[in-house]
Amino acid sequence: GAVVSQHPSWVICKSGTSVKIECRSLDFQATTMFWYRQFPKQSLMLMATSNEGSKATYEQGVEKDKFLINHASLTLSTLTVTSAHPEDSSFYICSASGGYSNQPQHFGDGTRLSIL
Amino acid sequence: GQQLNQSPQSMFIQEGEDVSMNCTSSSIFNTWLWYKQDPGEGPVLLIALYKAGELTSNGRLTAQFGITRKDSFLNISASIPSDVGIYFCAGRNTNAGKSTFGDGTTLTVKP
């Protein structure tokens, strides 16, 4: 149980393109979803927390207009990297919790984003 | 905000050896979690601890929730090559939403 699916796994696109990443909880209702960014050999950096039906809460230093988050249903959250540039290249990972009150976060498999 | 100190940062061990890593915090948590991340994948939950003093095993893995609620350790016994990866601890307070993650321990196991 507690499976989180993230799509796509890998994206390569040109600078200026907007990229959408989907995160789905397959077998539970995710009241809260989290988006992380990870650089090589570094820890997880929380970008934002989103609760279903409300606006995401962004961490300090994360541009909300750059990284658009939508959590429209209890099983789907999306992260859109708008007008992506090479410095946005990174490993993006979503996680979800909420099946029960103290459910730990469960992670998707991540999306490798490469901006040329 | 709350911060976790995870150590060691990296470990190089021989297959068959036991491994121990830990996390400490300056503030208390109600839940401690341990995750493992393989290269190019998302972290996978190994063990969740919900009660101070709790000792929980998952196969060759054993984790404990410190009695002060400010620390936790993870032990791996009789390591094997597939134990290679990055291990993260995380602390969480009930209903607080997000977890606070340590910086990870990178484990290398030599056959």
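Further up the page is the structure itself.
Please read these numbers as outputs of a predicted model, since none were measured by experiment.

Novice: Hey, could you go over the overall build of chain A for me, with residue numbers and the actual values?
Specialist: From N to C terminus, chain A includes zero helices and eleven strands. Each helix and strand of chain A, ordered N terminal to C terminal, gives the series β-β-β-β-β-β-β-β-β-β-β. Relative to its length of 116 residues, chain A is compact, with a C-alpha radius of gyration of 13 Å against a globular reference of 13 Å. Dimensions along the principal axes, computed over C-alpha positions, put chain A at roughly 40 × 25 × 25 Å. Looking at the 116 residues of chain A, the share that counts as buried comes to 51%. Within chain A, contacts between residues at least 6 apart in sequence are counted, and of these 55% link residues at least 24 apart. For chain A, the computed accessible surface area is about 5600 Å², with 51% contributed by carbon and sulfur atoms. Side-chain charges in chain A split into 9 positive and 9 negative, and the spacing between the mean points of these groups amounts to 5 Å.

Novice: Could you give an account of the pattern of salt bridges, naming the residues involved and the relevant values?
Specialist: Two side chains bearing opposite charge may form a pair once their charged atoms approach each other closely. Following the criterion strictly, the structure yields five salt bridges over all chains and no others. The partner of Arg24 of chain A in a salt bridge is Glu22 of chain A, with the nearest N and O atoms 3.4 Å apart. For Arg24 of chain A, a relative accessible area of 34% corresponds to the partly exposed category. Residue classification places Glu22 of chain A among the partly exposed positions, given a relative accessible area of 25%. Across the pair Arg60 of chain B and Asp83 of chain B runs a salt bridge whose closest N-O atoms are separated by 2.8 Å.

Novice: How would you sum up the pairing of strand E3 (residues 19–25) of chain A? Please name residues and give values.
Specialist: All names here are of chain A. A one-sided burial pattern is seen for E3, the buried positions being Val19, Ile21, Cys23 and Ser25 and the unburied ones Lys20, Glu22 and Arg24. Across four bridges, strand E1 (residues 4–7) lies against E3 in antiparallel orientation. Note that in E3 the partner of His7 across the bridge is Glu22.

Novice: With reference to specific residues and values, describe the state of the cysteines.
Specialist: Scanning all chains against the criterion turns up two disulfides over all chains. Shown here is the disulfide that connects Cys23 of chain B with Cys89 of chain B, its sulfur atoms set 1.7 Å apart. For the disulfide bridge between Cys23 of chain B and Cys89 of chain B, the dihedral angle about the S-S bond is near -80°, and by the sign convention the bridge is left-handed. Taken together, the positions of Cys23 of chain B in strand E3 (residues 19–25) and Cys89 of chain B in strand E9 (residues 85–92) put the pair 66 residues apart, joining distant regions of the chain. Assessed through its relative accessible area of 0%, Cys89 of chain B is described here as buried. The thiol of Cys13 of chain A is unpaired, and the distance to the nearest cysteine sulfur, on Cys94 of chain A, comes to 18 Å.

What counts and how
- Residues numbered from 1 in each chain as written.
- Chains lettered and ligands numbered in written order.
- Predicted model: local features only at pLDDT ≥ 70, side-chain atom pairs only at ≥ 80, totals over all residues.
- Heavy atoms only, no water.
- Helix = DSSP H or I, 4+ residues; strand = E, 2+ residues; numbered from the N terminus.
- Rg over C-alpha atoms; globule rule 2.2 N^0.38 Å.
- Buried < 20%, exposed > 50% of the residue type's maximum accessible area, 1.4 Å probe, protein only.
- Contact = heavy atoms within 4.5 Å.
- Areas by Shrake-Rupley, 256 points an atom, 1.4 Å probe, with all protein chains shown as cover.
- Lys, Arg positive; Asp, Glu negative; His and termini not counted.
- Charge placed at Lys NZ, Arg CZ, Asp CG, Glu CD.
- Salt bridge = Lys/Arg side-chain N within 4 Å of Asp/Glu carboxyl O.
- Pairing = 2+ DSSP bridges.
- Disulfide = S-S within 2.5 Å.

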